[in-house]
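Results of the structural survey
In case you want the letters, here they are:
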Amino acid sequence: MNTILVGAQFGDEGKGKIIDVLMENTDVVVRYQGGNNAGHTVEVGKEKFVLHLIPSGILRPGRKCVIGNGVVVDPVALVEEIRGLESRGITVNGKLLLSENAHIVFPFHRNLDEVREQHRGKGKIGTTKRGIGPTYGDKAARTGIRLYDLTQPKVFSAKLKARIKENNAILKSLGGKPLNFAKVNKDYLAAAKVLAPFITNTVIWLHDAIKRGKSVLFEGAQGTFLDIDFGTYPFVTSSNTTAGGAVTGSGVPPHKMDAVVGVIKAYTTRVGEGPLPSQSKELGDLLHGMGREFGATTGRARRCGWVDSVATRYSAMVNGIDYLAVTNLDGLDTLKQIKVCVAYTLDGKKIQFPPNDIDALARCKPVYRTFKGWQKSTSDVRKFGKLPREAQQYLKGIAELTGAKLHIISVGAQREQTFTV
Ligand code: GDP
Ligand code: IMO
Ligand code: MG
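Notes on the overall build of the protein chain
Broken down by element type, the protein chain carries 13 helices and 20 strands. Compactness check: the protein chain gives a C-alpha radius of gyration of 21 Å against a globular reference of 22 Å for 421 residues, within 12% of the reference. Judged by the C-alpha coordinates and their principal axes, the protein chain covers about 65 × 50 × 40 Å. Taken over 421 residues, the protein chain has a buried fraction of 57%. Partitioning the contacts of the protein chain with sequence separation of at least 6, the portion at a separation of at least 24 is 76%. Roughly 17,500 Å² of accessible area belongs to the protein chain as shown, and the carbon and sulfur atoms make up 52% of that amount. Distance between charge centres in the protein chain, computed from 59 positive and 39 negative side chains, equals 1 Å.

Listed below in structure tokens is the structure:
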């Protein structure tokens, strides 16, 4: 069984937690896009891990973790992440595989990310400043350097020298910080020594694993509305976060994929700029007051809103979501009433799908349906039938409005706080 797991909203849906749960019965996990802009939280017992590049299956012994060709890798950050895990008793040796074709994030990408954001002024995207956009830009422009190059120091250094020369000129023209070749070269070759044993042809490895009957879980990062094609462009990330990205970002073809799991929160959050039609200050104040919804990567407060089924319906369509996982149900435990956006009105007309024109989307007004709250703690519930009746109705309602089968419910950050329907 090969499963693709995607975020069906704006990122941070709780993908890391659901991946960790599904890995109980899965052999291999593959990150297929994004980079260390991602922050996937997994809580096991008293320990909390935030994974940025390493797949969220790493905490399960004996599982293999692949970083596919579609990911952009900051080698220095990856070594730091590996060291951080090792210091907590988790080794990646014998578990981690890195695609030779994954593109490398350099400090000039981060500097460009930062300086371009400054130039955008009020129109800024609110990126994570991890250099993600500029790295994918180089990939598309065919000027990128890949992990394969890290295994050949001489070739690597020559390519890096040329890239630093060009990027320093660009950085200077934009008022950004130029870089010193010798320093970057030294830092990256040091990281290369650590990473070289993991760098391989992951396409061939994955096909062989599938042939041997191994099950694979494809771990999406970000969310559908941050997708470069289907998201709220330009307020998006620079990769295909939707299910198709799992194919191009891993080299495993579509007919080998058996199911798509879409993860949503029982409400909506968004970090960074861009439209969020169902945003609610009241809900944001409540969740932030509970110490929830601060970014796992940048620590920024996430904007909060009600479930937007106009968005999740589109998400179900684009990703082909077979099964819906709903996280953070417990976040709504205290509410008397819960709203769900069921349609938008745009310039006086009712619409069922989000418009592609970002200005039109900004003019959309949500049409809400109100569900009755349950006002009881759900954190200790482990069976759908034991949830308060109102919570069951709410979950069935959002699944029906989304057009996907309700499958996994999460009522807390811990592994155990999960059950299927
Ligand atoms: P990801 O990027 O999709 O993996 O999500 P993040 O880790 O960035 O954000 C999800 C947050 O919700 C993390 O702090 C998780 O520990 C937390 N979380 C996930 N599921 C639940 C849940 O059902 N209840 C609670 N209280 N927290 C949850
Ligand atoms: P996970 O995998 C939420 C957002 C940024 C910004 C936009 C572009 O944890 O769900 P980028 O640095 O990618 O160029 O930023 O995308 N963003 C995320 N928001 N979760 C993420 O990842 C995100 N990764 C990027 O805040 O709005
Ligand atoms: Mg996250």
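After presenting the structure, the write-up continues.
Concerning the site of ligand 2
As a matter of local geometry, ligand 2 sits amid 20 residues, with D12, K15, H40, T128 and T237 nearest to it. Interatomic distance of 2.8 Å between a backbone N/O atom of Q222 and an oxygen atom of ligand 2. Starting from 550 Å² of accessible surface for ligand 2 in isolation, the protein chains cover 98%. For the shell around ligand 2, the domains that each give at least three residues are domain 1 (3-94 + 202-420) and domain 2 (103-197).

With respect to the site of ligand 1
Near ligand 1, the surroundings consist of 20 residues, among which K15, G16, T41, D330 and S410 are the closest. T41 is positioned such that a nitrogen or oxygen atom in its side chain is 2.5 Å from an oxygen atom of ligand 1. One nitrogen or oxygen atom from the side chain of R302 is found 2.9 Å from an oxygen atom belonging to ligand 1. Taken together, the elements giving at least two residues each to the shell around ligand 1 come down to α1 (15-22) and β3 (40-44).

Quick look at the coordination of the magnesium ion (ligand 3)
Only D12 (OD) and G39 (O) from the protein coordinate the magnesium ion (ligand 3), and they sit 2.0 to 2.2 Å from it. Separated by 27 residues along the polypeptide, D12 in the loop between β1 (2-7) and α1 and G39 in the loop between β2 (28-31) and β3 bring together distant segments of the chain. Given the relative accessible area of 11%, G39 is considered buried.

Conventions adopted
- Chains are numbered independently. Their residues run from 1 in the order of the written sequence.
- By the order in which they are written, chains take letters starting at A while ligands take numbers starting at 1.
- Restriction of local features to residues with pLDDT of at least 70 applies here, the model being predicted, together with a cutoff of 80 or more for giving and counting side-chain atom pairs; totals for whole chains, interfaces and linings are based on all residues.
- The side-chain numbers reported here are obtained from all heavy atoms of the structure, hydrogens and water having been left aside.
- Only DSSP runs of H or I with at least four residues qualify as helices, and only runs of E with at least two residues qualify as strands; both kinds are numbered from the N terminus onward.
- Atoms considered for the radius of gyration are the C-alpha atoms alone. The globule rule reads 2.2 Å times the number of residues to the power 0.38.
- Partly exposed residues are those whose accessible area sits between 20% and 50% of the maximum for their type, while under 20% is buried and over 50% is exposed, using a 1.4 Å probe and protein chains only.
- Should any heavy atoms of two residues lie within 4.5 Å, those residues are considered in contact.
- Note on areas: Shrake-Rupley with a 1.4 Å probe; residue coverage comes only from the protein chains shown.
- All tallies of charge rest on Lys and Arg as positive and Asp and Glu as negative; His and the ends of each chain are not included.
- Just so you know, the charge point we use is NZ for Lys, CZ for Arg, CG for Asp and CD for Glu.
- One heavy atom suffices: a residue is near a molecule or strand as soon as one of its heavy atoms comes within 4 Å of it.
- Whenever two N or O atoms come within 3.5 Å, that pair is a polar contact, provided that in protein one can donate a hydrogen and the other can accept it, and provided that, for residues adjacent in sequence, both atoms are side-chain atoms.
- Here the limits of each domain have been adopted from an automatic or database domain assignment.
- Distances up to 2.8 Å from the metal define which N, O and S atoms are donors, and 3.2 Å serves for Na, K and Ca; water is absent from the atom set, so sites may look incomplete.

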